[in-house]
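A look at the structure
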Amino acid sequence: RPGQNHHPAGPSTPPSSPPTQSLSIQRQLYERDFPLYKQPVEVGHFSLDSERRFFNDARQLRYYVEPEKSCPNFDLRDGYRSRFVKRDDRVKEKLDHILRWILANRSKLQSKDTAASSSPCALGVDIVTWRGHLTKLLTTPYETREGWLLAVTRMGGTLYISEVETEAARRDRENRTERHEEMMYWGYKFEQYTCADDAQSLPDPGGVVNTNEAFCTVVQTRLAEHRLLFSGEVDCRDKDPKAPSPPANYIEMKTSLEISTPKQRSNFHRFKLLKWWAQSFLPGVPRIVAGFRDHDGVVVSVETYHISKISQLIKNETNCWKPTVCMNFCCEFLSFVKSVVTEDNPRVVHLFSWDPHRDVTYSIHRDSQYSFLPDWYVREMTS
Ligand code: 0WD
Ligand code: CA
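First, a word on scope: everything that follows refers to the structure included in this document. Since this is a predicted model, take the numbers as computed values, not measurements. (Residues numbered from 1 in each chain as written. Chains lettered and ligands numbered in written order. Predicted model: local features only at pLDDT ≥ 70, side-chain atom pairs only at ≥ 80, totals over all residues. Heavy atoms only, no water.)

**Some points on the sheet that holds strand β6 (residues 127-130)**
Taking strand neighbours across the sheet as the criterion, the nine strands line up as β2-β1-β11-β12-β6-β8-β7-β17-β18 in an open arrangement whose pairing is mixed. Pairing within the sheet leaves two strands with one partner each, and these edge strands are β2 (54-55) and β18 (361-366). Two elements, strand β1 (residues 41-48) and strand β11 (residues 214-223), share seven bridges in a ladder whose sense is antiparallel. The residue bridging H45 from the neighbouring strand is T217, located in β11. Where helix α3 (residues 131-139) meets the sheet, its contacts fall on β6, β7 (148-155), β8 (158-164) and β12 (226-233), and the angle it forms with β6 comes to roughly 95 degrees. Along the sheet, helix α9 (residues 375-382) contacts β7 and β8; its crossing angle with β7, the most-contacted strand, is approximately 30 degrees. (Pairing = 2+ DSSP bridges. Helix = DSSP H or I, 4+ residues; strand = E, 2+ residues; numbered from the N terminus. Contact = heavy atoms within 4.5 Å. Axes fitted to C-alpha atoms, helices over the stretch in contact; angles between N-to-C directions.)

Here it is as structure tokens:
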């Protein structure tokens, strides 16, 4: 199979040979037609409140309010010391919120297509994961700095994929500079300047920024033969009541350093737009509103990017990324995972591991620290 070319099957290898042990990330292997990617459908949503409590509703969904001026002068540093409650990022929630959503909405989900399909798969999907994990897969062929670890468990025919923090990522998290800590706040502050709690009101830049709060969409789609169910955090929606239905009315908010040189523009296209495109393309979020800031955290311009136009925007860039490579790699990785993870057992984890300039490999763990499906979920799903 293309992409699983590591220990290439010899001419005498029988068709039932064991799965290959590694997956190559070489870009040229994935330069073919764009794979089928069905229009993502929102099947539900949930909210996490200021104390990170789960609610099976849209109470945290906010509404985008276009800034008055094209140069709004938002001060993103405001409130960092006095009006900021930061989520504890040492706590690893794994897939817990998504699993909670699945249990609360199981009837809806199953009625969707299990009856029609002959698959023995209880949930009617092949893959359950966070959108952010899929973003990492999409960008892997172009990533040169950060590797990843993805834990995979098969239960009831569905593959659950949950990220494990790498040693390098843990070191980076524990050694962030004060400047970096503050800059992580700026993105949330920009949301506060531009998002209101309901369609009638205005943003409240005087309020508290609490990064425990989140609104997450749950979407279903298909990438080639892989039926996906994933959730992603959504910043806000279009406040026009005539806006299209979700996810087409959702808007992703971003901040980035203002672009002042051709080199900066090229880097923005080659590296940042790749990550922005992958993240929003996956759930079918059509627009990104970007606040360009200076070194002091003041937003000097605001621009809208349409996801469907990003591939045009980057076409003239040399050495640039290609959406088809991203999608084909992700598709091939999921096929690789399916061929490797055949034991249906909530206590078994296959840990897939990737470092830049290397192939994807895996190791197997039984009843280990890596097991991530909680008892309350396993009990409910197997009863
Ligand atoms: O267990 C884990 N390792 C992770 C859990 C890693 C990534 C996310 N999460 C969970 C959290 O529960 C969070 O609520 O995912 C949720 C967000 O999921 P996602 O949408 O799949 O993640 P991603 O696309 O990477 O990030 C979307 C937004 C970010 O916005 P920007 O504009 O910076 O991309 O979610 C926020 C952030 O605002 N975010 C997170 N929130 C909580 N925990 C996390 C995180 N680990 N990472 C990004
Ligand atoms: Ca955002």
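Moving on from the coordinates now.
**Points about the environment of C195**
One can find C195 in strand β9 (residues 195-196). A C-alpha to C-alpha distance of 21 Å links C195 and L257, two positions 62 residues apart in sequence. Excluding anything up to four places from it in sequence, C195 contacts R62, Y63, P203, D235, C236 and M253.

**Things to note about the side chain of K254**
Its location among the elements puts K254 in strand β14 (residues 250-257). Looking at K254, the relative accessible area reads 16%, which means it is buried. Here the side chain of K254 touches Q279 through a polar contact of 2.8 Å, side chain to side chain. Not counting the four nearest positions on each side in its chain, K254 is found in contact with F190, W276, Q279, I288, V289, A290 and G291. (Buried < 20%, exposed > 50% of the residue type's maximum accessible area, 1.4 Å probe, protein only. Polar contact = N/O pair within 3.5 Å; in protein donor to acceptor, adjacent residues only side chain to side chain.)

**Some thoughts on the coordination of the calcium ion (ligand 2)**
Protein coordination of the calcium ion (ligand 2) is provided by D235 (OD), E252 (OE) and M253 (O), with donor distances spanning 2.4 to 2.5 Å. Each donor residue of the calcium ion (ligand 2) lies on one chain, and together they are spaced D-x16-E-M. A residue pair is termed long-range when its members are at least 10 positions apart, and D235 in the loop between β12 and β13 (236-238) and E252 in strand β14 qualify at 17 residues. Summarising the burial analysis for this pair, D235 and E252 share the class buried. (Donors = N, O, S within 2.8 Å, 3.2 Å for Na, K, Ca; no water.)

**Let's talk about the nonpolar core**
If you look at the biggest cluster of nonpolar residues, it comprises 51 residues, and the most contacted ones within it are W277, W321, F333, F352 and V360. Among the elements that take part in this core, helix α8 (residues 323-340) stands out by supplying 11 residues, more than any other. Once residues within four sequence positions are removed from consideration, F352 is found in contact with W148, L149, L150, V152, F333, F336, V337, V340, V341, V360, T361 and Y362. Core analysis: the next-biggest nonpolar cluster, separate from the first, contains 30 residues, V43, L48, V218 and V378 among them. (Core = buried A, V, L, I, M, F, W, Y, C linked by side-chain atoms within 4.5 Å.)

**Focus on the site of ligand 1**
Neighbouring ligand 1 are 18 residues, the closest being R87, R131, G132, E233 and K254. Within the contact set of ligand 1, an oxygen atom lies 3.0 Å away from a side-chain nitrogen or oxygen of E93. Note that a nitrogen atom of ligand 1 is positioned 3.3 Å from one of the side-chain N or O atoms of E163. In isolation ligand 1 offers 750 Å² of accessible surface; the protein chains occlude 75% of this area. Residue assignment for the shell around ligand 1 shows that the elements contributing at least two residues are α3, β12 and β14. (Near = heavy atom within 4 Å. Areas by Shrake-Rupley, 256 points an atom, 1.4 Å probe, with all protein chains shown as cover.)

Distances and angles like these do not, on their own, reveal function.
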